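An overview of the molecular structure
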Amino acid sequence: MELTYLRLKNFLSFKELKHKFVNEPVLIKGKNLTEIESKETNGAGKSTMEAGIAYAILANSLKKQTLDRDLILWGEEEADIWLDIYCPIRKETLNIHALIAEGEHQQQDFKFEISDARKIAKTLSAFANTDGGRLLIGVKDNGKIAGVRSEEEKYMIEAAAQLYCVPEVEYSLQTYIVEGRQVLVATIEETPHKPVYAKDETGKPLAYLRIKDENILATPIHLRVWQQSDSPRGELIRYTEREQLLLNQLEHGTLLSLNRYCRQTGLSRRAAEHLLAKFVRYDIVEPVFENHKFYFRIKDE
């Protein structure tokens, strides 16, 4: 870390201070002023300078100060802080707080700790099979930073990606120090070759999707869509009575479940899955997740 330049401006305690730091001990002198600029008070504004430097480096204020971390204002109605500082730790702190402020969503998940690599493998599978995402380890569900306690967490992520995901999931891992605690951020890209499976407790491979802030088990139709993706996009769909029946059932925005489709058409489950998968693949039909169940409907143009 290199603190190169500090500028504190418009404080009640002093008018303005600028200082360049060199590679040797330095003495910072300040003039402490009241609201009446011409009237000096006791002291040289040391506590304010110390607080400014502490905030710039550690994002922590002295206890007697009031801080609005997001706006970087010290006493909203009294003073502003203007900082021109090269400080990687400060930048990382702001970055992590910005990510946490987003909350958990389709491309972000919080983990207080990693106690089971298989559970993490489910999240890796879901991110890889959907839009990719970030896993923040050392952060509670409510956004509070707990920190990572040991290097074991890193090995657990590696085990999840390499031992419990099929095929292996590639990820990048960054370490941040925030409020004196270590936070890990694992970034997973969407894979071009779906599906990625996660092994359960019995070793059975299961594929997952990320929907909102949940990892959802992929349906056989999703699996068929991915398997058919290797087929030429220009192939023709044979339009027969059963295709017409499917379109008729999906008219007017009707939500259709796989079980209902099988019952009403008399098709085998395998045949119904194959047909729905083709319609999904060609953007005619789309899956909809409601009440923890997948339905299908005509896709809006």
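About the cut-offs
- Residues numbered from 1 in each chain as written.
- Predicted model: local features only at pLDDT ≥ 70, side-chain atom pairs only at ≥ 80, totals over all residues.
- Heavy atoms only, no water.
- Pairing = 2+ DSSP bridges.
- Helix = DSSP H or I, 4+ residues; strand = E, 2+ residues; numbered from the N terminus.
- Axes fitted to C-alpha atoms, helices over the stretch in contact; angles between N-to-C directions.
- Contact = heavy atoms within 4.5 Å.
- Parallel < 35°, antiparallel > 145°, perpendicular 65-115°, else oblique.
- Left-handed = near helix turned anticlockwise from the far one by under 90°.
- Nonpolar A, V, L, I, M, F, W, Y, C, P; charged D, E, K, R; others polar.
- Phe/Tyr/Trp six-rings, centres within 6.5 Å; stacked < 30°, edge-to-face > 60°.
- Buried < 20%, exposed > 50% of the residue type's maximum accessible area, 1.4 Å probe, protein only.
- Lys NZ or Arg CZ within 6 Å of the ring centre and 35° of its normal.

So, on to the sheet that holds strand β9 (residues 181-188). An order of β5-β6-β9-β8 is seen for the four strands of this open sheet, with the pairing classed as mixed. Strands at the two margins of the open sheet, each flanked by one partner only, are β5 (108-111) and β8 (171-178). Along the sheet, successive strands turn relative to each other by an average axial angle of 20 degrees, direction set aside. As defined by bridge partners, strand β6 (residues 133-137) adjoins β9 across five bridges and the pair is classed as antiparallel. Across the sheet, the residue bridging to L135 is A186, located in β9. Along the sheet, helix α4 (residues 152-162) makes contact with β6, β8 and β9, crossing β8 at roughly 160 degrees.

Another aspect to go through is the packing of helix α6 (residues 241-249) against helix α7 (residues 258-265). Where α6 contacts α7, the two axes come as close as 11 Å, and the packing angle between them is 125 degrees. Comparing their axes, α7 and α6 come out oblique. The way α6 lies across α7 gives a crossing that is right-handed. On the side of α6, the interface is formed by R242, L245, L246 and Q249, while α7 contributes Y261, Q264 and T265. Split into classes, the residues belonging to the contact of α6 with α7 amount to three nonpolar, three polar and one charged.

All right, on to the pairing of strand β14 (residues 293-298) then. The sheet contact formed by strand β13 (residues 285-290) and β14 spans six bridges and is antiparallel. When the bridges of β14 are listed, E290 appears paired with K293. Counting the residues in the hairpin turn of β13 and β14 gives two residues, including N291, whose phi is positive at 50 degrees.

A few words now on the packing of aromatic side chains. Enumeration over the complete set of coordinates arrives at one aromatic pair. On the basis of an interplanar angle of 55 degrees and a centroid distance of 4.8 Å, the ring pair of F289 and F294 is categorised as tilted. Residue F289 is classed as partly exposed on the basis of its relative accessible area of 22%. On the basis of relative accessible area, F294 is assigned to the buried category, the value being 11%. Here K140 stacks its cationic end above the ring of F112, 5.7 Å away from the centre of that ring.

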